[in-house]
Amino acid sequence: MNIIILDDYQDAVRKLQCAQRPELQNAKVFTNTVKGIGQLAVRLKDAEILVLIRERTHFPKALLEKLPRLKLIAQTGRVGPHIDVETCTRLGIAVAEGVGSPVAPAELTWSLIMASMRRLPQYIGNLKHGAWQQSGLKAGSMPPNFGLGLTLSGRTLGLWGYGRIGRLVAGYGRAFGMKVQVWGSEASRQRAVADGFEAAASREAFFTDADVLSLHLRLTPETRGLVTMDDLSRMKPTALLVNTSRAELIGDNLLVTALNRGRPGMAAVDVFESEPILQGHPLLRLENAVCTPHIGYVELDSYENYFKAAFDNVTAYLAGQPTHIVNPDAFKLHPGL
Ligand SMILES: NC(=O)C1=CN([C@@H]2O[C@H](COP(=O)(O)OP(=O)(O)OC[C@H]3O[C@@H](n4cnc5c(N)ncnc54)[C@H](O)[C@@H]3O)[C@@H](O)[C@H]2O)C=CC1
Ligand SMILES: O=C(O)C(=O)COP(=O)(O)O
């Protein structure tokens, strides 16, 4: 089988020692992302199995129809709107998802919360340049009171979304003595209440009350642009907004405008509308923004469970026992694989 692995710019394949899986030994690995349909069609024309590392390459109908040999797309993580699954089913292309553990992204969220609330990136950066700032950061162009961090205990942690990651983040918040308030769908709020957390009384109260507000939703047509300027302008000038989910829930420009206005006072983000972001991106220039390069799953345990899950799906498919297929009807075209 002709196997192509796309977008491995975190070197997951080598780190997983895929070379030791005989079935993947001859797989062609691309580390750079190509976006145009024409270029992709050339790159992928012989592919029978495609492994997608994350979701950087999109597979709309126009591209899928140009890949006549394709039988399987195996994706790290959940299959999102970047793959036209309906077209895949019609063309007999099976799509498999490889779900990882929510622990690593939940822990990254907490790393960002703790680092940001105590201004660690700023202190560490300044100390490297010789500034011993034991009595707080110098105000400079930063919002008032930004120079002193805040403790978490007794403060309010607002979580929009209570899925696999949100739920873990809530539990860690409880361990820090925070008051956890959940907003989101009725079902999410009910699950949070069943776990002993509070549901926010209203969307307005959710944004007004939070000292730390973190988003844990999936990006869908309904959640794109979900957070508005109205929401952000209700936030406290001392509050921290965290986004490890998807940039499009807010939009980079809106967030930059809100941070420039000082509500919220600070943001910590792992996700951007276009990745990798370019040097000079406005969020990188803001003193009250802490940015990481989409590293929710970038740590050893995840490489072993998250990326491995996608490769296991390829191995199972090749062994004639496909696993984690989201569109089993695709097999109607190729009953014997
Ligand atoms: N920065 C990074 O590297 C990573 C980012 N992510 C992102 O984090 C976000 C959250 O991911 P997860 O927590 O795994 O998503 P999830 O699918 O578990 O939850 C997402 C949403 O679905 C709702 N939901 C989940 N189960 C439900 C149920 N049984 N009933 C009703 N509603 C339910 C949740 O309340 C939440 O609003 C996503 O946007 C994901 O793409 C995930 C992993 C790594
Ligand atoms: O890698 C990411 O950023 C993801 O969002 C993957 O999360 P998922 O495994 O799709 O829930």
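If you check an unreviewed UniProt entry, the protein appears there as D-2-hydroxyacid dehydrogenase family protein from Sphaerotilus sulfidivorans. Taken directly from UniProt, the Sequence similarities (unreviewed entry) text for the protein runs: "Belongs to the D-isomer specific 2-hydroxyacid dehydrogenase family."

Asks: Requested: an account of the pattern of salt bridges, with residues and values cited.
Replies: Within this structure, the stated rule accounts for 15 salt bridges. Where K61 meets E65, a salt bridge forms, and the shortest distance between an N and an O atom there is 3.9 Å. By relative accessible area, which is 41% here, E65 ends up partly exposed. For R167, the salt bridge is made with D195, and the minimal N-O distance between the two is 2.7 Å.

Asks: I'd like a rundown of the pairing of strand β3 (residues 49–52), residues and numbers included.
Replies: Covered by surrounding structure in β3 are I49 and V51 together with L50 and L52, the residues of both alternating faces. The pairing of strand β1 (residues 3–6) with β3 spans four bridges and is classified as parallel. Across the sheet, the residue bridging to I5 is V51, located in β3. Bridge analysis of β3 against strand β4 (residues 72–76) gives four bridges, and the strand direction is parallel.

Reading the values: the criteria
Residue positions are counted from 1 within each chain, in the order its sequence is given. Chains and ligands are labelled sequentially in the order written, the chains with letters from A and the ligands with numbers from 1. Residue-level local features of this predicted model are given only where pLDDT is at least 70; pairs of side-chain atoms are given and counted only at 80 or more, and the full residue set underlies all totals for whole chains, interfaces and linings. The basis for the side-chain values is all heavy atoms of the structure; hydrogens and waters are excluded. UniProt positions are given in the numbering used here, feature names are shortened, and annotations may be inferred rather than shown by experiment. For this analysis, a salt bridge means a side-chain nitrogen from Lys or Arg found within 4 Å of a carboxyl oxygen belonging to Asp or Glu. Exposure categories follow from relative accessible area, calculated using a 1.4 Å probe and restricted to protein chains: below 20% of the type maximum is buried, above 50% is exposed, and the middle band is partly exposed. Every helix listed is a DSSP run of H or I at least four residues long, and every strand listed is a run of E at least two residues long, numbered separately from the N terminus. Here the rule is simple: two strands pair whenever DSSP picks up at least two bridges between them.

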